[in-house]
Amino acid sequence: MANIKQVFCKSILNPSGIADYCVNCYTGCLHGCVYCYARFMRRFSGHLEAWGKFLDVKINAPEVLQNEVRRKPVGRVMMSSVCDGWQSCEKRYSLSRRCLEILLDSGFSVSILTKSKLVARDFDILSVHKNCIVGCTLTTIDETLRFRLEPGASPTWERIKTLEDAASKGIRISAFLGPFMPYLSDTDESLDALIKSVADLPLERIYADKLNPRPGVWNSVAGFISRYYPHLIDKYHRLFFDRECYISYSNSLRNRINIIARSNRIISVLSAVF
């Protein structure tokens, strides 16, 4: 059972290395993704629970944001950078929806990245603004593997359908492919199936990413691999702790992604985040 509590924030429109600003209406994420790099946020939250088992709801986020947009220069905003703004609790609180509306009405441009079909609820707001883009993270077409990796997220096919529906309403869309799990979702067959699934969408941007061995990620990934794929644990250990091995793997993955993308008529829009 997740520990969910309501908190008050002092600021919500914060500087970001991804865009000019980021807006995170929640601290924590209940999607419980095995590979999540944002688990480093746990040490700033005061929570003892494992990442994916707690959520702080910033219930005053819209009010704080309304004040901040009056004082800060208009710019590009990422929603959300260290949580999913459309995770399940957003159904109840609608904080991301309210903040999204404030940002767009105030002239800010917004990029959304989510693993939830709930973002479709807000197409009524997004469809009347041109300074926004909706992106979905897609990790694998294999639903068994997807559920093991991202138990709280929407199935991949639902995310793809969400992108299709967004495009049909004139909303700009993008896709973030990965992070890919070595020897599982990064095989040529798996990459081809995933890339093929979005090749015909009118995507403005396609990104791809490798598994990021940030501090704290190893324990989560090692537990996952030991449970479901114990024969791979030694290979994962080398990737995480042997720098040369990791660089070699990353270069090979990048090259394979680009080759497979071109075979699916995606040439100039695939940008690898390596």
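Just above, that's the structure.
Residues numbered from 1 in each chain as written. Predicted model: local features only at pLDDT ≥ 70, side-chain atom pairs only at ≥ 80, totals over all residues. Heavy atoms only, no water.

Asker: Outline the overall build of the protein, listing residues and values.
Answerer: Across its full length, the protein carries 11 helices and 11 strands. At 19 Å, the protein has a C-alpha radius of gyration in line with the 19 Å of a compact globule built from 274 residues. The principal-axis extents of the C-alpha atoms in the protein amount to approximately 50 × 45 × 30 Å. With 274 residues in all, the protein has 52% of them scored as buried. As presented, the protein carries roughly 12,700 Å² of accessible surface, and 52% of it is formed by carbon and sulfur atoms. Charge centroids of the protein, computed over 37 positive and 27 negative side chains, lie 4 Å from each other. (Helix = DSSP H or I, 4+ residues; strand = E, 2+ residues; numbered from the N terminus. Rg over C-alpha atoms; globule rule 2.2 N^0.38 Å. Buried < 20%, exposed > 50% of the residue type's maximum accessible area, 1.4 Å probe, protein only. Areas by Shrake-Rupley, 256 points an atom, 1.4 Å probe, with all protein chains shown as cover. Lys, Arg positive; Asp, Glu negative; His and termini not counted. Charge placed at Lys NZ, Arg CZ, Asp CG, Glu CD.)

Asker: Explain the sheet that holds strand 5 (residues 54-58) residue by residue, including any values.
Answerer: Strand order in this open sheet of 3 strands is 1-5-4, and the pairing throughout is mixed. Only two strands of the sheet have a single neighbouring strand rather than two, namely strand 1 (3-7) and strand 4 (26-27). Note: strand 1 against strand 5, 5 bridges, orientation parallel. If you follow isoleucine 4 over to strand 5, its bridge partner there is leucine 55. (Pairing = 2+ DSSP bridges.)

Asker: Account for the layout of surface pockets, naming residues and giving values.
Answerer: If you add up the space inside the largest pocket, you get close to 1,300 Å³. Every residue lining the largest pocket is counted, 50 residues in all, and those nearest its centre are Ile18, Tyr37, Met78, Leu113 and Phe176. Class assignment for the residues of the lining of the largest pocket results in 28 nonpolar, 14 polar and 8 charged. (1 Å grid on protein atoms, 1.4 Å probe; cavity = no way out; pocket = protein on both sides within 12 Å on 5 of 7 lines; lining within 4 Å. Points joined across faces, edges and corners; volume = space filled by probe spheres on them. Nonpolar A, V, L, I, M, F, W, Y, C, P; charged D, E, K, R; others polar.)

Asker: Give a detailed account of empty space enclosed by the protein, specifying residues and quantitative values.
Answerer: Counted by the stated rule, this structure contains 1 cavity of 30 Å³ or more. Considered as a void within the structure, the largest cavity measures approximately 40 Å³ in volume. Around the largest cavity, the lining residues are Pro182, Leu211, Pro213, Leu239, Phe240, Tyr246 and Tyr249. Elements with a contribution of two residues or more to the lining of the largest cavity: helix 10 (233-241) and helix 11 (243-263). Looking at the lining of the largest cavity residue by residue, the classes come out as 7 nonpolar, no polar and no charged.

Asker: I'd like a rundown of the pattern of salt bridges, residues and numbers included.
Answerer: Pairing between side chains of opposite charge can happen when their charged atoms approach one another. On inspection of all chains with the given rule, the structure shows 16 salt bridges. In this structure, glutamate 204 engages arginine 172 in a salt bridge whose closest nitrogen and oxygen atoms are separated by 2.8 Å. Linking glutamate 204 in strand 10 (residues 203-210) with arginine 172 in strand 9 (residues 172-180), this pair joins segments that are 32 residues apart in sequence. Of the charged contacts, one joins arginine 256 and aspartate 186 as a salt bridge, the two residues approaching to 3.8 Å between their closest N and O atoms. One end of the pair, arginine 256, is in helix 11; the other, aspartate 186, is in the loop between strand 9 and helix 8 (188-198), with 70 residues separating them in the sequence. (Salt bridge = Lys/Arg side-chain N within 4 Å of Asp/Glu carboxyl O.)

Asker: So, the side chain of arginine 159: which residues are in play, and what are the values?
Answerer: Here arginine 159 is to be found in helix 7 (residues 156-168). At 3.4 Å, the side chain of arginine 159 forms a polar contact with the backbone oxygen of lysine 115. (Polar contact = N/O pair within 3.5 Å; in protein donor to acceptor, adjacent residues only side chain to side chain.)

Asker: Go over helix 8 with me, naming the residues and quoting the values.
Answerer: Listed in full, the buried residues belonging to helix 8 are Leu191, Leu194, Ile195 and Val198. Relative to the axis of helix 8, the buried residues are bounded by an arc of 95 degrees and lie together on one face. Where helix 8 is buried, its residues touch strand 8 (132-138), helix 7, strand 9, strand 10 and helix 11. (Arc of directions from axis to C-beta. Contact = heavy atoms within 4.5 Å.)

Asker: Got a sec to walk through the pairing of strand 5? Specific residues and values, please.
Answerer: Most of strand 5 sits inside the fold, with 5 of its 5 residues counted as buried. Neither face of strand 5 is left uncovered, since the one carrying Phe54, Asp56 and Lys58 and the one carrying Leu55 and Val57 both have all their residues buried. In this structure, strand 4 lies alongside strand 5, joined through 2 bridges in antiparallel fashion. The residue bridging tyrosine 26 from the neighbouring strand is valine 57, located in strand 5.

Asker: Summarise helix 7; cite the residues concerned and give the values.
Answerer: Helix length check: helix 7 (13 residues) gives 19 Å between terminal C-alpha atoms against 18 Å at 1.5 Å per residue, within 8%. Within the sequence span of helix 7, burial applies to Thr156, Glu158, Arg159, Ile160, Thr162, Leu163 and Ala166. Where helix 7 is buried, its residues meet helix 5 (123-126), strand 8, helix 6 (143-149), strand 9, helix 8 and strand 10. One or two residues past the end of helix 7 sits glycine 170, with phi positive at roughly 80 degrees. (Expected span 1.5 Å × (residues − 1).)

Honestly, that's just the spatial picture; any functional story needs more than this.
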